[in-house]
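Read off the chains here:
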Amino acid sequence: MNITVLDELRAYIDPLTPEEHQALERSILAEGCRDALVLWGEILVDGHNRYGICQKHGIPFQTVQNPRFKSMEDVHLWMIDQHLGRRSVSDFQRGILALRKKEIVAARAKEAVARLAEAGSAGAVEFPPDLADGLPTGPDSSALPPPEPLTSREAIAKAARISSNTVVQIEKIQKSAAPELVEAVKAGTISINAAAAVASLAPEEQIAAVAGGKKELQQAAKRVREGKSGNRAPKAAEAGTEASGEAGSAAESASDADLRNRETQLKLLQDTVAELTAENKQLKDEVLRLKDQLALLQQQQ
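The notes below deal with the structure included here. (Residues numbered from 1 in each chain as written. Predicted model: local features only at pLDDT ≥ 70, side-chain atom pairs only at ≥ 80, totals over all residues. Heavy atoms only, no water.)

Remarks on the packing of aromatic side chains
Both the distance between ring centres and the angle between the ring planes are used here to describe each pair of aromatic rings. Following the criterion strictly, the structure yields three aromatic pairs and no others. Here Trp 40 and Phe 69 contribute two aromatic rings whose centre-to-centre distance is 6.2 Å and whose plane-to-plane angle is 80°, an arrangement assigned as edge-to-face. Taken together, the residues span a long stretch of sequence, with Trp 40 in strand S1 (residues 37–40) and Phe 69 in the loop between strand S3 (63–65) and helix H4 (72–84) at a distance of 29 residues. For Trp 40, a relative accessible area of 23% corresponds to the partly exposed category. A residue is classified by how much of its surface remains accessible, and Phe 69, at 4% relative accessible area, is buried. Judged by centre distance (5.7 Å) and plane angle (85°), the rings of Tyr 51 and Phe 61 are edge-to-face. With Tyr 51 in helix H3 (residues 48–57) and Phe 61 in the loop between H3 and S3, the pair connects residues that are ten residues apart, well separated along the chain. Owing to a relative accessible area of 24%, Phe 61 belongs among the partly exposed residues under this scheme. Taken together, Trp 40, Phe 69 and Trp 78 form an aromatic cluster joined through their ring pairs. (Phe/Tyr/Trp six-rings, centres within 6.5 Å; stacked < 30°, edge-to-face > 60°. Helix = DSSP H or I, 4+ residues; strand = E, 2+ residues; numbered from the N terminus. Buried < 20%, exposed > 50% of the residue type's maximum accessible area, 1.4 Å probe, protein only.)

What follows is the structure, given as structure tokens:
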């Protein structure tokens, strides 16, 4: 049997850690490959680590076909759902996977709307068979069921089994974090909450914080939360500096620090509200377009 390994699919899900891979290898060496590899034709969909270990040690394995895949997007959605249900996947990884699913489902919905509009302008009297989300919805039992639409952060959070606030933080990390900071989150060196704060810094400051290790990352997050600059506080003046000048440069009243902290928190809240408002408007516009297209087709029937 020929099995094709695609780099795209092998890298679609974060790889096992060295410790996890070693544990899997020990298990297969002791008990054999108990779970069948999932194939789409000759393409390996699930079981890349098991396949590699079995090939390395000449261990036999079983395969199973999934004939319901119709496209690479179907494969991606299936892989996402499989990993969202696994306990070994971290909160950050589940959040990333749920956001990927949202993007795929949203793209399919837009494609369905475009095809619906094209069918209506051509005078078609039947709905496209894959209206729902770009997936077949007819009596063909071999088709994959339409994925659950993830049109809100609450739905994303439910799919990933995390809080809505954590979803917001992961989105911020995706948008602003340097690659080094993302890797630190994946490795567990820094929490999602702290990483979202550090992601507010300039890329070079993020990289410097990661290079400084866990303690420096925590301090960087604390500075952001307190509304301070991401840069380290200047060192104390050298001996001989006048006491009055040193005190004047370092002194800061508690009220000023509290005010600055409140202003920073307010800015973060305002940014979040603006993002949510824009997303809500986009969803409402999409619903209105769908209603208009449906009404047009119903008139033509």
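Picking up where we left off.
Looking at the sheet that holds S3
The strand order across the open sheet built from three strands is S2-S1-S3, with neighbouring strands paired in mixed fashion. A strand with exactly one partner marks an edge of an open sheet, and here the two such strands are strand S2 (43–46) and S3. Averaged over all adjacent pairs, the angle separating strand axes in this sheet is 45°, with direction ignored. Here S1 runs beside S2; their pairing, made up of three bridges, is antiparallel. In the strand pairing of S2, Trp 40 is matched with Ile 43. Along the sheet face, H3 touches S1 and S2 and points at about 120° away from the line of S2. Across the sheet, H4 is in contact with S1 and S2; its angle to S2 comes to roughly 30°. (Pairing = 2+ DSSP bridges. Axes fitted to C-alpha atoms, helices over the stretch in contact; angles between N-to-C directions. Contact = heavy atoms within 4.5 Å.)

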